[in-house]
Amino acid sequence: MHAEYPFALIEEKWRRKWAENRTFAALEKSSLPKFYVLDMFPYPSGAGLHVGHPLGYIASDIVARYKRNCGFNVLHPMGYDSFGLPAEQYAIQTGQHPAITTARNIERYRGQLDKMGFSFDWSREVRTSDPAYYKHTQYIFTLLFHHWYDTELQKARTIDSLVEMFASGGNENVHAAHHCKVLFDAATWKNMSEHEQAEILLCYRLAYLSDTMVNWCPALGTVLSNDEVKDGFSERGGHPVTRMRMKQWSLRITAYAQRLLDGLDELRWSDSIKEAQRNWLGRSTGCSVRFKVKGKEEEIEVFTTRPDTIFGVSFIVLAPEHELVSTLTTDECKEQVASYVAYAASRSERERQTEVKKITGCFIGAYALHPFSGKEIPVWIGEYVLAGYGTGAVMAVPAGDQRDYDFARHFQLPVIPVMANSDVSTMADESKEGTMINSDFLDGLRVEEAIHAAGERLSLSGAGGPLVLFRLRDAIFGRQRYWGEPIPVYYRDGIPMVIPKEDLPLTLPEVDAYLPTPDGEPPLARAKEFTYKGYPLEKSTMPGWAGSSWYFLRYMDPHNTSAPASQESMAYWQQVDLYMGGSEHATGHLLYARFWTHFLHDLGQVPFKEPFKKLVNQGMIQGTSAFVYVDKKSRKLISKNLVSNYDTYALHVDVNLVDNHLLDIEKFKQWREEFKDAEFVLEEGKYICGSEVEKMSKSKWNVVNPDDVIARYGADTLRMYEMFLGPLELSKPWNTNGITGVHGFLKKCWKLFHQGESFAVTDEEPKEEELRSLHKLIKKVREDIDKFSFNTSVSAFMICVNELSELACRKRGILEPLLVCLSPFAPHVCEELWEKLGHKTSIIQAAFPEFNAEYLVSSNIEYPVSLNGKTRFKITLPASMDASGVEQEVRASTDLQKYLGDKIIKKVIVVSGRIVNVVHT
RNA sequence: GCCCGGGUGGUGGAACUGGUAGACACGCAGGACUUAAAAUCCUGUGACCCUAAACGGUCGUACGGGUUCGAUUCCCGUCUCGGGCACCA
């Protein structure tokens, strides 16, 4: 009769204790050093959590618990990103208010999270859809509206300061991030109507309303920002997206492009995420060049990264949407230009992307004049030039750019070589090596020099000059949806005004349906009385990323009613020390959150610029789908290894009916009515299923619910197993096969202390090798936590417990630090002892001075050994082990002996069976 | 096309700054306990050769080269998988 490891009882008991004692509440005021561990908060979907979701939460929880034990005041909160599309679409279908659906889903999530024993401080929970929360989201929007970006001071400033500058000197000498097309002086400014002034100011505000090309998704009935569109389809739902011109709210994130780029250097994020952000920001240095147009007032401005090739320009291409197209087109070309522009406009984003090789274009009849030679250059339009980047116009140098080259060859335009020794008979030479030819004052210069010289000359002549450009676009901020934060704007005589702080939040109105109105207005237009002081309110809501752009601040002071968070709380908690989440947010959430933080920092509202000091991306857990094979003729189910004898098709089967490829036939028959009387062809009396790794999803029947795993093995087993599965940052398939190994280990631990009915610990002094084994473990786990390499930690635990005798494990002296290290995974395995010691005390600190963790493991002497002046052995030689393994290892290292020549090996030092040092004459 | 990151037993995966490759776990095989099963415990387990067995040997970290006394690790080239960007001038 063995007592079994009663994980359900243990876990239930400790969950209750933690809740009652508020064990994991972060201290409001503390002299302890702080540590802020944050998980990306989830969107509470109706499907609940599957076994892949908690992977990151488990890892961050290990760090949180470890840091707490090391004497830090740890902030480890959780909340919900609760505005979003699925709840709204459910509302459209059922008429149920999204708030109700959301609340229900959150409850389900909470139940699942609680079972897993996370050490979250739930008193700080946030929900982005809570008016008490989105009041501040709206407030931050109004701040953006009230500020502009000074490119000289590299800082956001109030609109009032801008108005003053306009009133005293117009806008000519104002250095600002803006899209204002007109120049005016002080007098003109003062003579403008209020309406005109408001229009101008909108071009400077960091939150602005403008007529822009947007990504329109007809199926969702809303616009989307660039990061919400993947390959011409909406990221959520996968609906086609088209480009169209629309009046929309945008945020001027481009003003912060350089700072967002520079800020990356100080962040401890993975290279791939940093690289993705750099890519997205897309900085490129070059020159702007203004071409005069023959017989016209207008000038065409282009951007180029290769001003050195300016004498190779043989034509100019404008984007079909370019605003000068209509004014520059000559009468003879009008017809064909009009039809080409119409053609270009009809092309969907998708078509343009898939047919990038297709060369189209049209001559508009105008000629530009070369800024240096005065030569006439034909002006074309072509869809390969994008309206949204740079000035929407390029100077085409076929010899130096493949796209220009293809265009030139297609329309039989000249190719002018500008580099010595480069062959441009079949393709462009894009290399930057060589010297310039056919280039007047640039002749003979190397590319680097020529770029510099051309830039200088352009500046001198007033025809352009060096310029830095970013690929990043401003972020479209309005969504034509119901379930989001209302944009706190009202219109007075058509002038947009923001609602003052004291009147926020602007709460979501009740509507009769969650669909757009029949005349295409957003759902909020259905609200009966949606006005502010009698003025009409903005009908769009904010995008999903609004609420998540500042939630990490809210956790610091979640109940503050007057500000997002108090200055004191932010001064104490500072940046997030560890941020855990998926890499899919690389160019969305992670960029927007950085942008908002930089902005709030400019206003003095946040004491730091970068919100997330260290970022770790956990991998995805995929599903392992199971299949049964149905014989097409007999409808019998054929076991996997026999299918070659039959003509079968594969059918997804619920993975919960399968254990180690073995189908539970009885459960399978009950699974669906159609299989009630199914017949099987078995191998050795068993039905073996096939398997395949796929995304975890309901339709593939491969979803594993953590609740089921916990019911069967306990939360500790689930947590430890998820960590054991492989490196945290890698994607890997969920596979229940190995879980018994981890479960067995925990069972074994439990049994070490529970002999029958009694609980056993001894106070004997531990032996030296027991301590050594233990300290090896402590060192390993500490290093692993630094590296987020939890899978090897689990192995280390298993080894340690195997190395220790049963008695040794039960010695108190050994147990304490072991428990501390074990605590991240299974703090309650040895519950009585744990209870006795008190889980709130910092045992790791108490334990380490006494045992001196480093003492046995690394109080070694280091011998740097240099052989032949080249190869260097850096050796750690434990004083206590110097003589071990001398004889047998000399033979094993014959290569080394050969190398040493006539030198005589005096000793070979072996540590854990490995040659670490050679002592020779 | 460009930029990151990977390819190690039947499987998931270990291996510190170049120093016994395959830790740990799963699976599999054999054994113990049991009327039996489950649970638990023990032993073996990269491939191949030699052997009655042991000892021993050869080959092995995607592929081909290189540096080194010594390479999973460093360098060059190729193949391949995953991720990001993509007519960005």
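The numbering scheme is per chain: residues are counted from 1 as the chain's sequence reads. For this description, chains carry letters from A and ligands carry numbers from 1, given in the order in which they are written. Restriction of local features to residues with pLDDT of at least 70 applies here, the model being predicted, together with a cutoff of 80 or more for giving and counting side-chain atom pairs; totals for whole chains, interfaces and linings are based on all residues. Note that the side-chain values use all heavy atoms of the structure and ignore hydrogens as well as water.

Participant: I'd like a rundown of the nonpolar core, residues and numbers included.
Facilitator: If you look at the biggest cluster of nonpolar residues, it comprises 177 residues, and the most contacted ones within it are F141, F477, W596, L663 and F668. Put simply, buried Ala, Val, Leu, Ile, Met, Phe, Trp, Tyr and Cys residues joined by side-chain atoms within 4.5 Å make one nonpolar core. A 1.4 Å probe rolled over the protein chains alone gives each residue an accessible area, and that area as a share of the maximum for its type sets the label: buried under 20%, exposed over 50%, partly exposed in between. If you look at the next biggest cluster of nonpolar residues, it comprises 37 residues, including V293, A368, A453 and L458.

Participant: Could you give me a rundown of the packing of aromatic side chains, with the residues and numbers involved?
Facilitator: Two aromatic rings, drawn from Phe, Tyr or Trp (for Trp, its six-membered ring), form a pair once their centres lie within 6.5 Å of each other, and the interplanar angle then sorts them: stacked below 30 degrees, edge-to-face above 60, tilted otherwise. Counted by the stated rule, this structure contains 52 aromatic pairs. Judged by centre distance (6.1 Å) and plane angle (10°), the ring pair of W671 and F675 falls under stacked. Since its relative accessible area comes to 17%, W671 is described here as buried. By way of ring pairs, the aromatic residues F141, F145, W249, F477, W545, Y592 and W596 are connected into one cluster. Residue placement shows R205 over the ring face of F145; its charged tip is 3.9 Å from the ring centre. For a ring to carry a charge above it, either NZ of a lysine or CZ of an arginine must fall within 6 Å of the ring centroid while also lying within 35 degrees of the normal to the ring plane. Here K501 stacks its cationic end above the ring of Y139, 4.4 Å away from the centre of that ring.

Participant: Which residues make up the sheet that holds strand β9 (residues 242–251), and what values do they have?
Facilitator: A pair of strands is considered paired only if DSSP assigns at least 2 bridges between the two. Strands here are runs of E lasting at least two residues and helices are runs of H or I lasting at least four, both read from the DSSP assignment and numbered beginning at the N terminus. Taken in spatial order, the 4 strands line up as β6-β5-β9-β17 in an open sheet, and their pairing is antiparallel. Of all the strands in the sheet, just β6 (222–224) and β17 (475–476) have a single pairing partner and so form its edges. Relative to β17, β9 runs antiparallel, the two being bridged by 2 bridges. Among the inter-strand pairings, L251 is bridged to a residue of β17, identified as A475. Against the sheet, helix α5 (residues 131–145) makes contact with β5 (207–217) and β9, and its axis sits at roughly 95° relative to β9, the strand it touches most. A contact between two residues is defined here by any heavy atoms of the two lying within 4.5 Å. In this analysis an axis means a line fitted to C-alpha atoms, helices contributing only their contacting stretch, and an angle means the value between N-to-C directions, from 0 to 180 degrees.

Participant: Go over the environment of S566 with me, naming the residues and quoting the values.
Facilitator: Within the fold, S566 resides in the loop between α16 (551–554) and α17 (567–573). Judged by relative accessible area, which is 17%, S566 ranks as buried.

Participant: Please set out the sheet that holds strand β1 (residues 34–39) residue by residue, giving values where relevant.
Facilitator: Taken in spatial order, the 4 strands make up an open sheet running β2-β1-β22-β23, and their pairing is parallel. What marks the edges here is a single partner per strand, and that holds for β2 (73–75) and β23 (615–617). Each neighbouring strand pair of the sheet contributes to a mean axis angle of 20°, computed without reference to strand direction.

Participant: Before we move on, could you go through the confidence of the model for chain A and cite the residues and values that matter?
Facilitator: In regions of low pLDDT, the predicted coordinates are not meant to be interpreted in detail. Every residue carries a pLDDT, the predictor's confidence in it, which falls somewhere between 0 and 100. Overall, the prediction assigns chain A a mean pLDDT of 83, with 85% of residues at 70 or greater. Predicted confidence for residues 838–921 stays below pLDDT 50, and this span has 126 contacts to residues more than four positions away or in other chains. Scored as a complex, the prediction yields pTM 0.88 and ipTM 0.92.

Participant: Account for the pattern of salt bridges, naming residues and giving values.
Facilitator: Salt bridge, as used here: a side-chain nitrogen of Lys or Arg that lies within 4 Å of a carboxyl oxygen of Asp or Glu. Under the criterion given, the structure shown has 31 salt bridges. We note a salt bridge from E194 to R492, for which the minimum N-O separation is 2.7 Å. Note that E194 is positioned in helix α8 (residues 194–202) and R492 in strand β18 (residues 489–492), a separation of 298 residues in sequence. Residue class for E194 comes out partly exposed when judged on its relative accessible area of 48%. Taking the relative accessible area as the measure of exposure, R492 reaches 24% and is therefore partly exposed. Connected through shared salt-bridge partners, E12, R15, R16 and E20 make up one network.

Participant: Before we move on, can you summarise helix α20 (residues 706–713) with the specific residues and values?
Facilitator: Among all positions of α20, only P706, D707, V709, I710 and Y713 are buried. Angularly, the buried residues of α20 cover 165° about the axis, an arc narrow enough to put them on a single face. Along α20, the residues that are exposed and aim more than 90 degrees away from the buried face are A711 and R712. Considering only its buried residues, α20 is in contact with α1 (7–21), α4 (98–115), α21 (715–724) and α22 (739–753). With a side-chain oxygen positioned 2.8 Å from the backbone nitrogen of D707, the residue opening α20 is N705. This arc is taken over the directions from the axis of the helix to the C-beta atoms. Counting of polar contacts relies on pairs of N or O atoms within 3.5 Å, with two restrictions inside protein: one atom must be capable of donating a hydrogen and the other of accepting it, and residues adjacent in sequence are counted only when both atoms are side-chain atoms.

Participant: Tell me about unusual backbone geometry, residues and numbers included.
Facilitator: Of note, the bond from L504 into P505 is cis; its omega dihedral lies within 30 degrees of zero at 5°. Here P505 shows up in the loop between β19 (495–498) and β20 (531–532). A positive phi is found at N421, a non-glycine position, where the angle reads about 60°. Mapped onto the elements of the fold, N421 is located in the loop between α14 (402–410) and α15 (447–461). We classify N421 as exposed; its relative accessible area is 84%. Phi at D440 is positive, roughly 50°, even though this residue is not glycine.

Participant: Outline the side chain of N705, supporting the account with residue identities and numerical values.
Facilitator: On the secondary structure map, N705 appears in the loop between β30 (690–694) and α20. Polar side-chain contacts of N705 include one of 2.8 Å to the backbone nitrogen of D707.

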